[in-house]
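Chain by chain, the residues:
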Amino acid sequence: MNIRLSATAVAVAAALPFATGALAAEEKIGETVVVTAARQPQRASEVLASVDVIERAEIEESGQSSLLELLGNRAGVQISSNGGPGKTSSLFMRGTNSNHTVLFVDGVRVGSATTGQAPFQNIPLDQIERVEILRGPASALYGADAVGGVVQVFTKKGEGGFRPELFVGAGTYETTDVSAGVSGAAGAWSYAFRAGQYETDGVSAKKGPFAARRVFHDYDPALDADRDGFRATTASGSLGFKFNNDHDLELNVLHAQTRNWYDGNGFNSRGGADVGNDDVAESIGLASRNRLTSNWTSTVRIAQSKDESSGFRDSFQFDTRQSQAVWQNDVKLPLGSALLAYEYLDQRVDSTTAFAKKGRRIESLLAGWNASLGQHQWQLNVRQDKNSQFGDETTYFASYGYKLTPLWSVSAALGTAFKAPTLNDLYYEDAFGNHGDPSLKPERSRNREAALKYDDGRHSASATYFNNRISNLIEWNAAPPTFAFVPEQTDDARIEGWEFAYAAKLYGFDVSTSIDLMDAKNLETGKRLHRRAREQGRLAISREVGPFRFGGELIGVGKRFDRAGEVNELSGYSLLNLFARYAVNRDWAIEARANNVLDRDYELAKGFNTLGAAVFVGVRYAPK
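What counts, and where the lines are drawn
Residues numbered from 1 in each chain as written. Predicted model: local features only at pLDDT ≥ 70, side-chain atom pairs only at ≥ 80, totals over all residues. Heavy atoms only, no water. 1 Å grid on protein atoms, 1.4 Å probe; cavity = no way out; pocket = protein on both sides within 12 Å on 5 of 7 lines; lining within 4 Å. Points joined across faces, edges and corners; volume = space filled by probe spheres on them. Helix = DSSP H or I, 4+ residues; strand = E, 2+ residues; numbered from the N terminus. Nonpolar A, V, L, I, M, F, W, Y, C, P; charged D, E, K, R; others polar. Contact = heavy atoms within 4.5 Å. Salt bridge = Lys/Arg side-chain N within 4 Å of Asp/Glu carboxyl O. Buried < 20%, exposed > 50% of the residue type's maximum accessible area, 1.4 Å probe, protein only. Pairing = 2+ DSSP bridges. Axes fitted to C-alpha atoms, helices over the stretch in contact; angles between N-to-C directions. Phe/Tyr/Trp six-rings, centres within 6.5 Å; stacked < 30°, edge-to-face > 60°. Lys NZ or Arg CZ within 6 Å of the ring centre and 35° of its normal. Patch = residues over 30% accessible without salt bridge, like charges linked within 9 Å, V, L, I, M, F, W, Y side chains within 5 Å. Areas by Shrake-Rupley, 256 points an atom, 1.4 Å probe, with all protein chains shown as cover. Core = buried A, V, L, I, M, F, W, Y, C linked by side-chain atoms within 4.5 Å.

Asks: Which residues make up empty space enclosed by the protein, and what values go with them?
Replies: Evaluated as defined, the whole model comprises 5 cavities of 30 Å³ or more. A volume near 140 Å³ is recorded for the largest cavity. Lining of the largest cavity is provided by 19 residues; of these, Ala49, Leu134, Arg135, Pro137 and Phe397 occupy positions nearest its centre. Elements supplying a minimum of two residues to the lining of the largest cavity: strand S8 (128–135), helix H4 (139–142), strand S21 (391–403), strand S22 (408–419) and strand S23 (443–455). Element by element, the count of residues in the lining of the largest cavity is highest for S22, at 3 residues. Residue composition of the lining of the largest cavity, by class: 11 nonpolar, 6 polar and 2 charged. Quantified by volume, the second largest cavity comes out at close to 70 Å³. Around the second largest cavity sit Gly76, Val77, Gln78, Phe92, Arg94, Gly95, Phe466, Trp498, Glu499, Asp516, Leu517 and Met518, which together line it. Mapped by element, the contributors of at least two residues to the lining of the second largest cavity are strand S4 (77–81), strand S27 (493–506) and strand S28 (509–522). Residues of the lining of the second largest cavity, tallied by class, amount to 6 nonpolar, 3 polar and 3 charged.

Spelled out as structure tokens, the structure:
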């Protein structure tokens, strides 16, 4: 692997000290509990997998509007976007494809069966209490599509007395954000409800110049030169009932309805109107948790999610329904704990595209064992998925960790994953000659990784090496002689790299930094996979002084290529973001955020704009 560092990456890497002797930490970092890494609660310091956790306080400080923007440039994550907020976007976890990351909302799978992608750009931050990012193949835990990893979102749960909350904010690009909610508990009941609306005029999705021309009708270039806005109306709710200490029932709902304007590039509808689409992302789940014995807890969840997209000026429609049922059993053993589960997933599509098949069913059995003995720790998982379209698929994950000292540990892992081709991959057709291929085979991956970690409760640092080999990798590309877009499969792709991370509280400052070095390559052609940078880094520093909390982050991303075959180079870029918060009193706070302070002009997709310098100011009411 030959990876060269950009100047930005080198600068951030210099802030990643592994020698803690020169660091004078003053406070201890609080312990965090993680559930996504093993589908069971674990202390963060004991997790063998690569996991990142984003709590509500960090979400509020981020100044972002969507889950995609929050995840962008976190460790192991890269993104692309066709314009400003809400536009068609992609998330690449550890260099894998944009449909290789699975999204769960309160344990419910959400995404499109046609594209295979999760609607990260449409999930509002107003409704999110916590995010867990699991990097690396996770099909042995979560089934098909988890080739690159898993993102799990948790909405707010009710506890304590009645608590109202309110946020009102406004900023550049005619941006407004309003949200309100209540939460609490009374007797055996607990509840939490939130609602909000985010709206922005944004920027023109595409870059100019826009020349007048004729496609299906006369094209007015002014339609593409205008701003392309975005609006999201959202709500979430949680209602729980606790029968006793051993049995409880909980209902969780998330609904996001968005309208997104974009540039038609000559395909605008007649009458001089701009184009866009209406999207809906929704999840609803009912879970019953029952401790049947002192060592056995059973959880049954029934759920359904929606991913809907339709043109509000044109006639396209792509709607996905995923009906889900899970029965998970967690059993405490004399040594560690066991996991046994059954899952059922039914995916159905309603679309204006005449797909040859409009659904599939997957039934799954999975088992796991997590344990530790002295300095030794391990996690073992195996899963079999029975796909109504592609038959049986077995995946596994095995990880072993060893504590060298109370502060230092090493670990190694081996895991497999797979992805069934999406309905678009197989059956899509349109009037321009773009089409799928029904002969496509499932993608399969085999990942190896090793990690070195340090954690003294005040400083935490890690270095992780990974090597993921993917067979039958699917990439859409323009194929001669018509140059229509069609899916092509690569016999062998390799994604190899390093992840470095460090976090501490130093001299009153909260410091965290990460560096990703990665080589994602099609081994058949020797070319890099498109829109994956070889290096990226992030440095975040913040401090609290009396009622003030302030800080900033520096993000650096290396060059990428917009299309397969190393076509259309996208230059590297660096961004500086700043935030400040003033606690007026115990309940009220004023927040401010300045993003892209240096007003960098950069691209996440060739020919599409991104936001320049932006300022946002808000007032938050959240009684303690």
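The rest of the description comes next.
Asks: Report on unusual backbone geometry, specifying residues and quantitative values.
Replies: One non-glycine residue, Tyr507, lies in the positive phi region at around 55°. Structurally, Tyr507 can be placed in the loop between S27 and S28.

Asks: Requested: an account of the side chain of Glu61, with residues and values cited.
Replies: Along the polypeptide, Glu61 turns up in helix H2 (residues 56–62). Those residues in contact with Glu61 that sit more than four places away from it in its chain are Arg549, Phe579 and Arg593.

Asks: Outline the pattern of salt bridges, supporting the account with residue identities and numerical values.
Replies: Taken as a whole and judged by the stated rule, the model has 47 salt bridges. Of the charged contacts in the structure, one is a salt bridge between Lys207 and Asp601, with a shortest N-O distance of 3.6 Å. Highlighted residues: Lys207 in the loop between strand S12 (189–200) and helix H5 (222–225) and Asp601 in the loop between strand S35 (588–595) and strand S36 (614–621), separated in sequence by 394 residues. Look at Lys207 and you get partly exposed, because its relative accessible area is 26%. A relative accessible area of 66% means that Asp601 is categorised as exposed. Residue Glu544 pairs with Arg549 through a salt bridge whose shortest N-O separation is 3.8 Å. Overlapping salt bridges, with partners in common, bring together Asp52, Glu58, Arg74, Arg538, Glu553 and Arg593 in one network.

Asks: How would you explain the environment of Leu125 if you had to name every residue and give the values?
Replies: Note on placement: Leu125 falls in the loop between strand S7 (108–110) and S8. Judged by its relative accessible area of 3%, Leu125 is buried. Distance in space between the C-alpha atoms of Leu125 and Thr234 is 9.7 Å, their sequence separation being 109 residues. Those residues in contact with Leu125, other than ones at most four positions away along the chain, are Arg56, Ile59, Ser62, Gln64, Ser65, Ser66, Leu67 and Leu70.

Asks: Describe the sheet that holds S7, with residues and values.
Replies: Strand order across the open sheet formed by 5 strands is S3-S8-S9-S6-S7, with mixed pairing between neighbours. In this open sheet, the two strands that pair with only one neighbour each are strand S3 (50–55) and S7. Here the strands of the sheet are splayed against their neighbours by 25° on average, with no regard to which way each runs. Pairing analysis gives 6 bridges linking S3 to S8, with the strands arranged antiparallel. By the bridge assignment, Glu55 is partnered in S8 with Arg130.

Asks: Explain the packing of aromatic side chains residue by residue, including any values.
Replies: Across all of its chains, the model carries 14 aromatic pairs by this definition. Considering the side-chain rings of Phe104 and Tyr142, the 5.2 Å spacing of their centres and the 50° angle between planes classify their relative orientation as tilted. Taken together, the positions of Phe104 in strand S6 (residues 101–105) and Tyr142 in helix H4 put the pair 38 residues apart, joining distant regions of the chain. What makes Phe104 buried here is its relative accessible area of 8%. Taking the centre distance of 5.9 Å and the plane angle of 5° together, the rings of Trp498 and Phe500 count as stacked. Members of the aromatic cluster, each reached through a chain of ring pairs, are Trp189, Phe241 and Phe243. Sitting above the plane of the Phe509 ring, Arg543 keeps its charged end 4.7 Å from the centroid.

Asks: So what's going on with the pairing of strand S26 (residues 484–490)? Which residues, and what values?
Replies: Here strand S25 (residues 473–479) pairs with S26 via 7 bridges, running antiparallel. Pairing of Ala479 across the sheet is with Ala484, part of S26.

Asks: Quick one: what's the story with the side chain of Asn468, residue by residue and with numbers?
Replies: Among the structural elements, Asn468 can be located in strand S24 (residues 459–471). Residue classification places Asn468 among the buried positions, given a relative accessible area of 4%. Other than its neighbours up to four places away in sequence, Asn468 contacts Thr96, Val147, Ser445, Arg446, Asn447, Ala493, Arg494 and Ile495.

Asks: I'd like a description of a nonpolar patch on the surface, backed by residues and values.
Replies: A cluster of nonpolar residues, Val545, Phe548, Phe550, Tyr582, Val584, Trp588, Ile590, Val615, Val617 and Val619, forms a patch on the protein surface that exposes about 820 Å² of accessible area. Where the nonpolar patch is concerned, the elements lending two or more residues are strand S31 (548–557), S35 and S36. The greatest single-element share of the nonpolar patch, amounting to 3 residues, is contributed by S36. Inspection of the secondary structure puts Val619 in strand S36.

Asks: Run through the nonpolar core, naming residues and quoting values.
Replies: Among the nonpolar cores identified, the biggest contains 31 residues, and Leu67, Leu71, Leu103, Phe120, Val131 and Val151 are the most heavily contacted of them. Contributing elements (two or more residues each) for this core: helix H3 (67–71), S4, strand S5 (89–93), S6, S8, strand S9 (149–155), S31 and strand S34 (573–583). In terms of residues, this core owes the most to one element, H3, which gives 4 residues. The contact partners of Leu67, leaving out residues within four places of it in the chain, are Leu103, Phe120, Ile123, Leu125, Ile128, Val131, Val151 and Val153. Grouped together as the second largest cluster of nonpolar side chains are 16 residues, Leu141, Tyr142, Ala341 and Leu366 included.

Asks: Give a description of the environment of Leu239 that names residues and reports values.
Replies: Relative to the helices and strands, Leu239 resides in strand S13 (residues 230–244). Residue classification places Leu239 among the partly exposed positions, given a relative accessible area of 36%. It is 7.8 Å that separates the C-alpha atoms of Leu239 and Gly158, two residues lying 81 residues apart in sequence. If sequence neighbours within four positions are ignored, Leu239 has contacts with Trp189, Ser190, Tyr191, Leu249, Glu250 and Leu251.

Asks: Any details on the pairing of S36? Residues and values, ideally.
Replies: Each regular strand carries side chains that alternate between the two faces of the sheet. Residue alternation in S36 divides its side chains into a buried set, Ala614, Phe616, Gly618 and Arg620, and an unburied set, Val615, Val617, Val619 and Tyr621. As judged from the 6 bridges shared by strand S10 (residues 163–171) and S36, these two strands associate in the antiparallel manner. Along S36, the bridge assignment pairs Phe167 with Arg620. In the sheet, S35 pairs with S36 via 8 bridges, with the strands oriented antiparallel. When the bridges of S36 are listed, Ala594 appears paired with Val615.

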